Amino acid sequence: MRNLNTAYIDGQFVRVQGTETLEIANPATGAPLAVVTLANRADARRAIAAARDAQALLRQTGKAERIDMLRRLQTAVLRYTDAIRDVTIEEYGAPVARAQWVSQYASQCFASAAQALEDYPLSYEVGTATVTMEPVGVSALIAPWNSTAGTVCSKLASALAAGCATVIKPSELSPLQTQVLCEALHEAGLPSGVFNVLLGRGADVGDEISTSPHVARISFTGSTQTGKVIARAAVETMKRVTLALSGKSAAIVLDDADLAHALPLAVGGAFMNNGQACVAGTRLLVPHARMAEVTERVREIVGKLQVGDPRDPATTIGPLASRAQFDRVQRFIRRGLEQGAVLVAGGEGRPEGLPEGFFVKPTVFAGVHNDMEIAREEIFGPVLSIIGYETEQEAVDLANDSVYGLFGYVYSADVARARGVAARMQTGSVLVNRIDPEVLAPFGGVRQSGVGREFGLAGLVSYLEPKTVAVR
Ligand code: NAD
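What you see is a predicted model, and the numbers here were worked out from it, not measured in a lab.

Counting its regular elements, the protein chain contains 15 helices and 21 strands. Taken over the C-alpha trace, the protein chain has a radius of gyration of 22 Å; the compact-globule value for 472 residues is 23 Å, and the two agree within 12%. Overall size of the protein chain, expressed as C-alpha extent along the three principal axes, is 70 × 60 × 40 Å. Taking all 472 residues of the protein chain together, the buried fraction comes to 57%. Nonlocal contacts in the protein chain, meaning residues at least 24 apart in sequence, comprise 73% of its contacts between residues at least 6 apart. When the accessible area of the protein chain is evaluated, it comes to approximately 18,600 Å², of which 52% is carbon and sulfur surface. Across the protein chain, 45 positive and 49 negative side-chain charges occur, with their mean positions spaced 4 Å apart.

Looking now at the packing of helix α13 (residues 392-400) against helix α14 (residues 415-424). Close contact between α13 and α14 brings their axes to 10 Å; oriented N to C, the two are set at 40°. Regarding the angle of α13 to α14, the classification is oblique. The crossing of α13 and α14 is right-handed. Counting all contacts with α13, which are made through Glu392, Gln393, Val396 and Asn400, the residues of α14 involved are Arg417, Val421 and Arg424. By residue class, the composition of the contact of α13 with α14 is two nonpolar, two polar and three charged.

Next up on the list: the site of the ligand. In the vicinity of the ligand there are 29 residues, among which Lys169, Glu172, Ser223, Leu245 and Glu378 approach most closely. Contact between the ligand and Glu172: an oxygen atom at 2.7 Å from a side-chain N or O atom of the residue. The fraction of the free accessible surface of the ligand (860 Å²) that becomes covered by protein chains is 87%. Secondary structure elements with two or more residues in the shell around the ligand: α7 (202-211), β11 (217-221) and α8 (224-235). Among the elements that line the shell around the ligand, the one with the most residues is α7, at four residues. Three or more residues apiece are contributed to the shell around the ligand by two domains, here domain 1 (2-245 + 447-470) and domain 2 (250-432).

Attention shifts here to α13. Side chains three or four residues apart in an α-helix point the same way, a direct result of the helix having 3.6 residues per turn. Those residues of α13 lying buried are Ala395, Val396, Leu398, Ala399 and Asn400. Summarising the contacts, the buried residues of α13 are in contact with β13 (249-253), β14 (281-287), β17 (383-389) and α14.

Okay, the nonpolar core next. One finds Leu73, Phe110, Phe195, Leu284, Val298 and Val364 to be the most contacted residues of the largest nonpolar core, which totals 123 residues. Other than its neighbours up to four places away in sequence, Leu284 contacts Ala251, Val253, Leu263, Ala266, Val294, Val298, Leu384, Ser385, Ile386 and Ile387. Core analysis: the second largest hydrophobic core is formed by 29 residues, Phe326, Ile333, Met372 and Leu398 among them.

A few words now on the sheet that holds strand β6 (residues 123-126). Taken together, three strands build an open sheet; the order of strands is β6-β7-β21 and the sheet is antiparallel. The open sheet terminates on both sides in strands that have one partner only, identified here as β6 and β21 (464-470). The average angle at which neighbouring strand axes cross in this sheet is 30°, direction not considered. Note: strand β7 (residues 129-135) against β21, seven bridges, orientation antiparallel. Bridge pairing in β21 links Pro135 to Leu464.

Turning our attention to the domain arrangement of the protein chain. The domain architecture assigned to the protein chain consists of domain 1 (2-245 + 447-470) and domain 2 (250-432). For domain 1 versus domain 2, the separation of C-alpha centres amounts to 31 Å. Taken together, the contact pairs 21 residues of domain 1 with 31 residues of domain 2. At the boundary of domain 1 with domain 2, total buried surface from both sides reaches about 2,000 Å², with 54% on carbon and sulfur atoms. Scanning the region where domain 1 abuts domain 2 turns up 13 residue pairs in polar contact (both at pLDDT 80 or more). Those elements that place two or more of their residues in the side of domain 1 that touches domain 2 are α3 (81-92) and α4 (96-119). In terms of residue class, the side of domain 1 that touches domain 2 is built from 10 nonpolar, eight polar and three charged.

Let us look at the packing of aromatic side chains. For the coordinates displayed, the defined rule picks out nine aromatic pairs. Between Phe407 and Tyr409 the ring centres are 6.0 Å apart and the planes differ by 50°, which places this aromatic pair in the tilted class. In this structure, Phe407 and Tyr409 share a single accessibility class: buried. Between Phe407 and Phe443, the ring centres sit 5.7 Å apart and the planes meet at 55°, which makes this aromatic pair tilted.

Bringing the pairing of strand β2 (residues 6-9) into the picture now. The pairing of β2 with strand β3 (residues 12-15) spans four bridges and is antiparallel. Considered in β3, the bridge of Ala7 is made with Val14. The loop that links β2 with its antiparallel partner β3 comprises two residues; one of these, Asp10, has a positive phi angle of about 55°.

To continue, consider the sheet that holds strand β1 (residues 2-4). Taken together, the three strands give an open sheet; going across it, the order is β1-β5-β4, and neighbouring strands pair in mixed fashion. In this open sheet, the two edge strands, each paired with only one partner strand, are β1 and β4 (21-25). Averaged over neighbouring strand pairs, the angle between their axes works out to 20° when direction is ignored. Relative to the sheet, helix α6 (residues 175-186) contacts β1, β4 and β5 (32-37), its axis offset from that of β1 by approximately 70°.

Now for the pairing of β14. With seven of its seven residues buried, β14 lies for the most part within the structure. For β13 and β14, the ladder comprises four bridges, and the chain directions are parallel. From the neighbouring strand, Ile252 faces β14, where its bridge partner is Leu285. Regarding topology, helix α9 (residues 259-271) serves as the crossover connection from β13 to the parallel β14, and that connection is right-handed. Bridge count for β14 against β17 is five bridges, and the pairing is parallel. Note on β17: the bridge partner recorded for Val286 is Gly388.

What counts and what doesn't
- Residues numbered from 1 in each chain as written.
- Predicted model: local features only at pLDDT ≥ 70, side-chain atom pairs only at ≥ 80, totals over all residues.
- Heavy atoms only, no water.
- Helix = DSSP H or I, 4+ residues; strand = E, 2+ residues; numbered from the N terminus.
- Rg over C-alpha atoms; globule rule 2.2 N^0.38 Å.
- Buried < 20%, exposed > 50% of the residue type's maximum accessible area, 1.4 Å probe, protein only.
- Contact = heavy atoms within 4.5 Å.
- Areas by Shrake-Rupley, 256 points an atom, 1.4 Å probe, with all protein chains shown as cover.
- Lys, Arg positive; Asp, Glu negative; His and termini not counted.
- Charge placed at Lys NZ, Arg CZ, Asp CG, Glu CD.
- Axes fitted to C-alpha atoms, helices over the stretch in contact; angles between N-to-C directions.
- Parallel < 35°, antiparallel > 145°, perpendicular 65-115°, else oblique.
- Left-handed = near helix turned anticlockwise from the far one by under 90°.
- Nonpolar A, V, L, I, M, F, W, Y, C, P; charged D, E, K, R; others polar.
- Near = heavy atom within 4 Å.
- Polar contact = N/O pair within 3.5 Å; in protein donor to acceptor, adjacent residues only side chain to side chain.
- Domains from an automatic or database assignment.
- Core = buried A, V, L, I, M, F, W, Y, C linked by side-chain atoms within 4.5 Å.
- Pairing = 2+ DSSP bridges.
- Buried area = accessible area lost by both parts, 1.4 Å probe.
- Phe/Tyr/Trp six-rings, centres within 6.5 Å; stacked < 30°, edge-to-face > 60°.
- Right-handed = clockwise from strand over helix to strand, strands pointing away.

Have a look at this one:
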C-alpha cells in the first residue's frame, strides 16, 4: 500500500500541512491501495500564493514562450503515457482501451492548445481602439475522479496557452493518478508556480480556492450539485467561472437507422468508461415500431460484454471506481424495478464470478417512462434506459425533457435528416452515427449541464479577457 503526503507547490513536491488521511481501495479487489494525507486551507493558500507570483511572470509572456512551455509539457506527458495508462487502470478501474485513450489524450491536449494559440490573434483593432486579449489571471482547475489525466491536462493546456498560472485540485479520490501526472508535469521544467497541484476536500481546500480574492477564474468539472456550491461561493469575488457538469444524454434511434451499426455504438456510448462518463447516452429513444427488435438486439450485445479485470485487454467493463459508486448504482437499479421498468439485462447484485471489488452488472431497462428516476437522474454507472416514441418530434421532445443538456446522439441512415434532428436537440454537442467526440470543437453543456465551453479555441478564449485601449 502506498502512502502519499505531498502536494506540488512552487515547482516542488512539498509535505502537506493537512493531517486528514483517506484510504483508497483497489476497485477490482476492494483491497486497500493507498493512503493519502489531504491538503488543508493553509496548503491551498500557499499554492495560490505561488501561482500569484508566477502570474506576474506569465503575464509578460508572448505566444512563442507559451507555445514552448506547452510543447515541453506535451513531451513530458507523452513520456509518461504508459505510466498514466497503468495507474488509471489500477486506481480507477478503467478498461485498457479507455485508459489508453485518456493517457494519449493527456499529451495531445498540449499540442491542441499550442495550435489554437498559434492561430489566434491576441491583439486586434476595432474602430479607433486596440483590443488586447489578456490572461484572466490565476485560475483554479477543479476536476472529478472519472478522467483525471484528461481533465487536468485539457484545462491546464488552455490556461497556460492564455498565460494563466494555475492551482489544480484533482479529486481526492484519485491520489495515485495525480501523483504520476505531477511527476510527468514536473519533468517539463516549467518556471516555479506556473502550475500547483493539491488534493483536498471540497469543503475546505475547494472552498478556500472558490472564495480566495487572489483567484480570478475557476474551471470546474464535476457534479451539478457541487457546481452550484462553487458558483455561489465564487460570485462574491466575481470570479470567471465555467462549469462542466452532470448529464443524462439521449441517443435517438430514428426509424431508418441501421440497427446492426447503431446499437453496438449506442450501448458503447451508454457504458463507456464503465458507465462513469458525463457524456454517456443513457436514455435510448426507440420508435415503438422497432422496439421489439431493438430490445432483443441490445440484450444480445450486452450479453456479450466482458465484465472483469480491467487489466485484461478483452475486458469491456471494469469495476466502478469506489464502494460509494457501487452502492449508488445498486440503489438506482432497485429504483428502476420498483417504478415498474422492465429488466432486459443485468440487474441487482454482482456479476457472476466476481465476488470482490466494485463490479456491477451492465443493466438495461425497457418500458421506461421519461419521468422515472432512472430516466431523470444521472446514475453514473452502466445502466441504460430504453424509452419508446411514436413520432420524430416526440423523440426530440423526450430528449429535451431533462434538466441536463450535455450531449445527444442520433442514429439514422439519412445524415441530412439526422442533422435536422440534431438542430432541434438542446444540448452542447450532438454526435451523429458516432460516439467519439471531436476534441478540438467546443465542449460543454446547456441548462444544468454547465456554463461555458472547453477544448481548442473555446478553451483558450475562456481564459482570456479583452482589454480595450483607444487613443486620441
Ligand atoms: P464532485 O462534484 O463530487 O467533485 C468534483 C470535484 O469538486 C472534486 O475535486 C471535489 O473534491 C471538488 N469539490 C467538492 N466540493 C467542492 C466545493 N465545495 N468547492 C470546491 N470544490 C469542491 O464530482 P465527482 O463525483 O468527482 O465526479 C462525477 C461528476 O462529474 C458527475 O456528475 C459527472 O457527470 C461530472 N462530470 C462532468 C464532466 C463534464 O465535462 N461535463 C466530465 C466528467 C465528470
